[in-house]
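The chain contents come next:
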Amino acid sequence: MNTLGQKTILLVEDEALLGMTESMNLKNYGYDVIHVQNGQKAIETINESNTKIHLILMDIDLGKGIDGTEVAKTILENHDLPILFLSSHIEREIVAKTENITSYGYVVKDSSITVLDASIKMAFRLHASYLNVKHQKTEIECQKKKLQNSEKRYRRLFETAKDGIIILNAETGMIVDVNPFLIEMLGYSKDQFLEKNIWDICAFKNIEYSKQLFKELQEKEYVRYEDLPLETYKGDQVHVEFVSNVYLVDREKVIQCNIRDISDRMQHERILNNDINEKTALLKELQHRTKNSFQMITSLINLRAHAAESMETKKTLEELTLRVQSISDLFSLLYETDSFNEVQLRIYCSKVIESMLQLSETITIQKEIDEITSSAKDAATIGMILVELVSNSIKYAFPESQKGTIKIELKKINSQIILIVEDDGIGLPKSFDINHTKTLGLHLVNLMVNQLRGTIQFGSESGTKIQIEFPF
């Protein structure tokens, strides 16, 4: 039985006695031996045996059947095994005949078992070296094939890329390759590109600038230009995006320049910018007309208030004027600051407050407003709340034209906006409830606070204090 690591030898010897003797000697040297007496049986054993054969010890003269050299040729067609010839023939032509079949050795039969064992071990070493070389060759072929496939993919990408590509020598700036897209884009032939410095191509007309660009690329190993003008062979100007980087190829630095024609993109950007400018001008005109429309409405209400005989009607129209004026101030501010959606609350709220000073000559308004930027929508709501709260204080907190002070505070704390309107007037009735008030102004205030997703609190210890909080 073949033990672990024991080599199995197929001995092909037609002489039974010699075969038995050789088998015994080989077994004494630690080999497992299968002995067959003719070539046909050797071929069948190799093809059908479940035992792995490590080496064939082949006699040349096998009697009436096919000789050992023909058997060896047949076996080697399908099996990669070391074959060592064991023969009594010493004629040059016969020995030379075996050399054309295998190179693992030739042993004369009357040699000692020591010589035979040494020849067998040499054959094993030669075969191991052969297998190693074969494996390395296979690996090399595999890597070569991968490299060829990689080269094909690179070449295909290079040739079919829809951007212009130039490959430069990183030391000299010499062009070593150029793809068809750039040739077509600029109209120069491939020969006009190759073996020239990049600044020698007329497309890069500014020679000093091109040399400076190349020097910068050598130092930084990456440059990008959003808009670089090039000139075609016919003299037309092409605007391109120019991206270059340095990398290693076989330990040598090369520069790849990717050149993308952005002429169409620039044209679309110009069209888009023109559209934006037109829309901006239109919005500006709408703001101006809206501001004028509100001013016209305010003027009409004022005229109607002056013509009214009833004091109650006059006061109602004056309050309505303030509400309309707060919106008009908002659009005036948007128009003046060239803003479409953002409002500086300190400026806007100050305008709203100033417009209300005319309501009373005995009341002083103090304000402390932080610099807060808000959306136009929220600013309009805050302005309306201010109008209602301040006009209510002037109207109800100081009866019989009493003197007094109204303090207004608007600040931002963390993510909350806090608006406080406080007066030193007569205060609120004890039964006051914002949810059941019949006053239109306070009812509007409650609705607008809800619109801001805020809360409102009332205090009436020494006058009236109203505090509104809502998320910024």
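Per chain, the residues get numbers from 1 upward, laid out in the order the sequence is written. It should be noted that, the model being predicted, local features are given only for residues of pLDDT at least 70 and side-chain atom pairs only at 80 or more, the latter also being counted only at that level, while totals for whole chains, interfaces and linings use all residues. By convention in this description, side-chain values take in all heavy atoms of the structure and omit both hydrogens and water.

1. Overview of the overall build of the chain
For the purposes of this entry, the term helix denotes a DSSP run of H or I that reaches at least four residues, the term strand denotes a run of E that reaches at least two, and both are numbered from the N terminus. Along its length, the chain carries 13 helices and 17 strands. For this measure, only C-alpha atoms enter the radius of gyration; the expected value for a globule follows 2.2 Å times N^0.38, where N is the number of residues. In terms of overall size, the chain is more extended than a compact globule, its C-alpha atoms giving a radius of gyration of 51 Å where 472 residues would be expected to give roughly 23 Å. Dimensions of the chain, computed from C-alpha atoms along their principal axes, come out at roughly 150 × 70 × 35 Å. Counting the 472 residues in the chain, one finds 39% classified as buried. Put simply, of all contacts in the chain between residues at least 6 apart along the chain, 56% involve residues at least 24 apart. When the accessible surface of the chain is totalled, it reaches about 28,300 Å², and 51% of it is carbon and sulfur. Looking at the chain, you have 55 positive and 69 negative side-chain charges, and the mean spots of the two groups are 3 Å apart. Only protein chains enter the accessibility calculation, which uses a 1.4 Å probe; a residue is then buried when its area is under 20% of its type maximum, exposed when over 50%, and partly exposed in between. What makes two residues a contact is simply this: any of their non-hydrogen atoms within 4.5 Å. Here the open area of atoms and residues is found with the Shrake-Rupley method and a 1.4 Å probe, where only the protein chains shown may cover a residue. Here Asp and Glu are counted as negative and Lys and Arg as positive; His is not counted, and neither are the chain ends. Charged groups are reduced to one reference atom each: NZ for lysine, CZ for arginine, CG for aspartic acid, CD for glutamic acid.

2. Section: the side chain of asparagine 179
With respect to the secondary-structure elements, asparagine 179 resides in the loop between strand S7 (175-178) and helix H6 (180-186). Overall, asparagine 179 belongs to the buried group, its relative accessible area being 0%. Within the structure, the side chain of asparagine 179 is placed 3.2 Å from the backbone oxygen of phenylalanine 158, a separation counted as a polar contact. When residues no more than four places from it in sequence are discounted, the contact partners of asparagine 179 are Phe158, Ala161, Asp163, Gly164 and Ile165. Polar contacts, as used here, are pairs of N or O atoms within 3.5 Å; protein pairs need one atom able to donate a hydrogen and one able to accept it. Residues neighboring in sequence count only if both atoms are side-chain atoms.

3. What about the sheet that holds strand S10 (residues 252-261)?
When DSSP finds two or more bridges between two strands, those strands count as paired. Within the open sheet, the five strands sit side by side as S7-S6-S10-S9-S8. Their pairing is antiparallel. Each end of this open sheet is capped by a strand with a single partner; those strands are S7 and strand S8 (222-231). Each strand axis lies, on average, 25 degrees off the axis of its neighbour in the sheet, ignoring direction. Note on geometry: axes are C-alpha line fits, over the in-contact stretch for helices, and angles between N-to-C directions span 0 to 180 degrees.

4. Re the packing of helix H2 (residues 39-48) against helix H3 (residues 68-76)
Between H2 and H3, the shortest axis-to-axis distance is 10 Å and the interhelical angle comes to 20 degrees. Taken together, H2 and H3 sit at an angle that is classed as roughly parallel. As for how H2 packs across H3, the hand of that crossing is right-handed. Residues Gly39, Ala42, Ile43 and Ile46 of H2 form the contact with H3, whose own contacting residues are Val71, Thr74 and Ile75. Amino acids are sorted into nonpolar (Ala, Val, Leu, Ile, Met, Phe, Trp, Tyr, Cys and Pro), charged (Asp, Glu, Lys and Arg) and polar (every other residue, Gly among them). Here the residues of the contact of H2 with H3 sort into five nonpolar, two polar and no charged. Under this scheme an angle from 65 to 115 degrees is roughly perpendicular, one under 35 degrees roughly parallel, and one over 145 degrees roughly antiparallel; angles in between are oblique. What makes a crossing left-handed is the near helix being turned counterclockwise from the far one by less than a right angle; a clockwise turn instead makes it right-handed.

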